[in-house]
Amino acid sequence: MTTVNTGSPAAAGEPTGQQDSATARTSRPSRTARLRRGMGMVAVIATGAGVIGLGTGVSPAAAETAPAHAGWDGSRYWFKNSQGQWRWTSHYSVYAARTGGGSPSAAKATTGSSGGIKEGWDGSRYWFRNSKGEWRWTSHYDVYLERTGRAPSSSGSAGSGHADDSVAVNRDVEAAVQFALSQVGKPFLRAGNGPDGYDCSGLVQQSFRRGGISLPRVANDQYAATTPIKASQLRRGDLLFWSPNGTARGIQHVAIYLGDNKYVEAARPGTNVRISTISKGYYPMYMGRP
């Protein structure tokens, strides 16, 4: 362990008179020793801090488990520097620059890898593959729809009598859907508003708040705040409601429709936020569009 001389007496019984010159020369550390001591202190500090000269917005993987791959892991962008060491940044522009990506609006997700990124909204941007199979992103929902061959629709899709349930009709609703999906796995919590747990209406309210859409807190009030729709009109982002007594005021459960007869919900105590499938034995009695 490196020590630092504070100037205090080494022991209570140490002589306090003047030392002769020979003793002074012998007890004073040489310049080389002092230099070594200083280098030792620097090494201790560097080891404890784990961050040396990496520049703004970039941090090393010191004291952290190395990622499985480069790219976004849900909270940060990982990449390897020129020495092959793992580094991360929360700034996409820095990540793109360090991995040789292009402009942010047409940046590659990662060199030679998908980086674990999936098509769709990741909480800050929409990801899709271009005609060459390369990952690109945009912050504009209409651009995302165009590049993925989809289009919002308020009329029925051909031959089905249903509205287009593959995508939400606008980016605000899609932001709500994606937030709800990001909460999957978190526990049901009575009166839960997140972030650690939710009840059914808490999940719905907090999800739509991320899309800039204000909804009441309780399930039956949420239904009253929506536009009632029929099953044939269902599309992604609509709300499903269940009522034990069959009345609108008796509504006790709400979930967010995903399309393809699936929905995301905080069901009941003892379960986690999950994706469920509409079934005949548990069919929603009411449906509404925020």
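Residues numbered from 1 in each chain as written. Predicted model: local features only at pLDDT ≥ 70, side-chain atom pairs only at ≥ 80, totals over all residues. Heavy atoms only, no water.

S.K.: Explain the pattern of salt bridges here, please?
M.R.: Any two side chains of opposite charge can pair, so long as their charged atoms come close to each other. Here the structure, examined in full by the defined rule, presents 6 salt bridges. One salt bridge connects R236 with E174, and the closest N-O pair in it is separated by 3.0 Å. Here E174 lies in helix α5 (residues 171–182) and R236 lies in the loop between β8 (227–228) and β9 (239–242), a separation of 62 residues in the sequence. Residue class for R236 comes out buried when judged on its relative accessible area of 13%. Its relative accessible area of 6% is what places E174 among the buried residues. Measuring nitrogen to oxygen at the nearest pair gives 3.0 Å for the salt bridge that ties R217 to D199. Here R217 is found in the loop between α6 (200–210) and α7 (219–224), whereas its partner D199 is found in the loop between α5 and α6, with 18 residues between them in sequence. With relative accessibility at 12%, the residue D199 sits in the buried group. (Salt bridge = Lys/Arg side-chain N within 4 Å of Asp/Glu carboxyl O. Helix = DSSP H or I, 4+ residues; strand = E, 2+ residues; numbered from the N terminus. Buried < 20%, exposed > 50% of the residue type's maximum accessible area, 1.4 Å probe, protein only.)

S.K.: What's the story with the nonpolar core in this structure? I'm lost.
M.R.: A general tendency of soluble globular proteins is for nonpolar side chains to be buried together. Formed by 25 residues in total, the largest nonpolar core has its most connected members in V204, F208, L239, F241, V254 and I256. Every element with two or more residues in this core is listed here: α5, α6, α7, β9 and β10 (253–259). Residue contributions to this core peak at 5 residues, all from α5. When residues no more than four places from it in sequence are discounted, the contact partners of F208 are V173, A176, I213, L215, G237, L239, I256 and P290. Counting residues in hydrophobic clusters, the runner-up holds 9 residues, among them W242, Y257, Y263 and I278. (Core = buried A, V, L, I, M, F, W, Y, C linked by side-chain atoms within 4.5 Å. Contact = heavy atoms within 4.5 Å.)

S.K.: Help me understand α5 in this model?
M.R.: Note on helix geometry: an α-helix contains 3.6 residues per turn, so any two residues three or four positions apart are oriented the same way. Helix length check: α5, at 12 residues, gives a terminal C-alpha distance of 16 Å against a target of 16 Å (1.5 Å per residue), a fit within 8%. Residues of α5 that are buried include every one of V173, E174, A175, A176, V177, Q178, F179 and A180, and no others. (Expected span 1.5 Å × (residues − 1).)

S.K.: Please explain the packing of aromatic side chains as it appears in this structure.
M.R.: The geometry of an aromatic ring pair is captured by two quantities: the separation of the ring centres and the angle between the planes. Here the structure, examined in full by the defined rule, presents 5 aromatic pairs. Seen from their ring centres, Y223 and F241 are 5.1 Å apart, and the 70° between their planes marks the pair as edge-to-face. Here Y223, found in helix α7, pairs with F241, found in strand β9; they are 18 residues apart in sequence, far enough to count as distant. When its relative accessible area of 0% is taken as the criterion, F241 is described as buried. A connected cluster of aromatic rings, assembled from ring pairs, spans Y223, F241 and Y286. (Phe/Tyr/Trp six-rings, centres within 6.5 Å; stacked < 30°, edge-to-face > 60°.)

Interpretation note: all reported values are geometric properties and have no functional meaning in isolation.
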